Amino acid sequence: APPTDPPPPPEIASAISAGLLRQYAAPPVAATEAVLKHNATSDRVRQLIYWPTEDDARLYPTLVQSPPSGAPANHPAVRCQVTYLMALYLRHAKEWTFARAFILAGGLRAVADLVVHPDLHLRGQALETLSALTDEHLFPWHEPPRANTADVALHQRMLELAKSPLIPNLTANFEGSFPGGSHFALQILAFYASWLRLRHCPGNVLRLSGDLVRLLGRWAVKPDGTDEERALAKALHDDFSQYDATPSSSSSTGAGALPTPMLNGAEAVAEAALAADAANATAADGGL
């Protein structure tokens, strides 16, 4: 059976309850209509928040997204994000029927974008939501996907995160996050590296970029980390530092062997982007 979350302290539980009652009395109808571009009633918005269906779950990646860069503080997406991310974090991400539809609709990527949210309260909700969605009690991610089921598409959605900002976003929580945020981020990083290595890496060999391995080394001696957090970072560092972090290196031999898969940290991602820009500029100059 899945573990039961410990109840929040009484003062926090009271504040959450009061907020939910206020929200129920005055649901964000206008903001929801603006974000979804569809008319809605108060009762319909209450259903979206408190009793969403599978079809409603497919709307949540849109409802929790951040407003466009430079948008004013009263942008409708701001209110929607606060409302629907809270509902996702408190309940819906822990219910598989909802979570499955949410993930298939792009929910993993939507939440991964929020784990660097400047509001640390919302960042915490995003990290805890991502932790819930990757919990093996919710779905056996490390087991092979069953053929001819939604498992295949679910695993594809998880794999798509390898080309998203997930890893740099997680490592951004090494410092400057909410209390306990760095540990949450490290646990999700460990899950993802483990899953990717098992399900998608030939010979179960996955390399981490040099900057990511070095960061894990710093994480293993993080002064404000817990013993559990430092131990996990050390285990990851010891595991992955045994491999050469050179992108061209491969555990395979022979003609046509593919490079060993690699997860890149923030520095490696930035370097790759600069290299791609330089290559594009060279190609454009050559076409003149």
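Note that the structure is a prediction, hence the values are computed from the model and not measured. (Residues numbered from 1 in each chain as written. Predicted model: local features only at pLDDT ≥ 70, side-chain atom pairs only at ≥ 80, totals over all residues. Heavy atoms only, no water.)

Draft legend 1. Quick peek at the overall build of the chain. From N to C terminus, the chain includes 15 helices and 2 strands. For the chain, the proportion of its 288 residues judged to be buried stands at 40%. In the chain, the proportion of contacts linking residues at least 24 apart, taken out of those at least 6 apart, comes to 68%. About 15100 Å² of surface is accessible on the chain, with carbon and sulfur atoms providing 57% of the total. (Helix = DSSP H or I, 4+ residues; strand = E, 2+ residues; numbered from the N terminus. Buried < 20%, exposed > 50% of the residue type's maximum accessible area, 1.4 Å probe, protein only. Contact = heavy atoms within 4.5 Å. Areas by Shrake-Rupley, 256 points an atom, 1.4 Å probe, with all protein chains shown as cover.)

Draft legend 2. Geometry of helix α14 (residues 227-240). Over its 14 residues, α14 extends 20 Å from the first C-alpha to the last, a length consistent with the 20 Å expected when each residue adds 1.5 Å. Within the sequence span of α14, burial applies to Glu229, Ala233, Leu236 and Phe240. Down the axis, α14 shows its buried residues gathered within 65° of arc, on one side only. Those residues of α14 that are exposed and angled more than 90 degrees off the buried face are Asp227 and Glu228. The secondary structure elements touched by the buried residues of α14 are α12 (181-200), β1 (207-208) and α13 (210-219). (Expected span 1.5 Å × (residues − 1). Arc of directions from axis to C-beta.)

Draft legend 3. Structural view of the packing of aromatic side chains. Applying the stated rule across the entire model yields 11 aromatic pairs. On the numbers, 5.7 Å between centres and 50° between planes, the contact of Tyr50 with Trp51 is tilted. An angle of 90° between the planes, with centres 5.4 Å apart, marks the rings of Tyr60 and Tyr84 as edge-to-face. With Tyr60 in helix α5 (residues 60-63) and Tyr84 in helix α6 (residues 76-90), this pair connects stretches of sequence that are 24 residues apart. Comparing Tyr60 with Tyr84, the two get one shared label, buried. Lying across the ring of Tyr24, Arg46 places its NZ or CZ 4.8 Å from the centre. Sitting above the plane of the Phe174 ring, Lys222 keeps its charged end 5.4 Å from the centroid. (Phe/Tyr/Trp six-rings, centres within 6.5 Å; stacked < 30°, edge-to-face > 60°. Lys NZ or Arg CZ within 6 Å of the ring centre and 35° of its normal.)

Draft legend 4. Seen up close, the pattern of salt bridges. Summed over the entire model, instances satisfying the criterion amount to 13 salt bridges. The residue Arg46 makes a salt bridge to Asp43 at a minimum N-O spacing of 2.9 Å. Of this pair, Arg46 and Asp43 both sit in helix α3 (residues 42-50), 3 residues apart, which is roughly one turn of that helix. Judged by its relative accessible area of 13%, Arg46 is buried. Residue class for Asp43 comes out exposed when judged on its relative accessible area of 55%. (Salt bridge = Lys/Arg side-chain N within 4 Å of Asp/Glu carboxyl O.)

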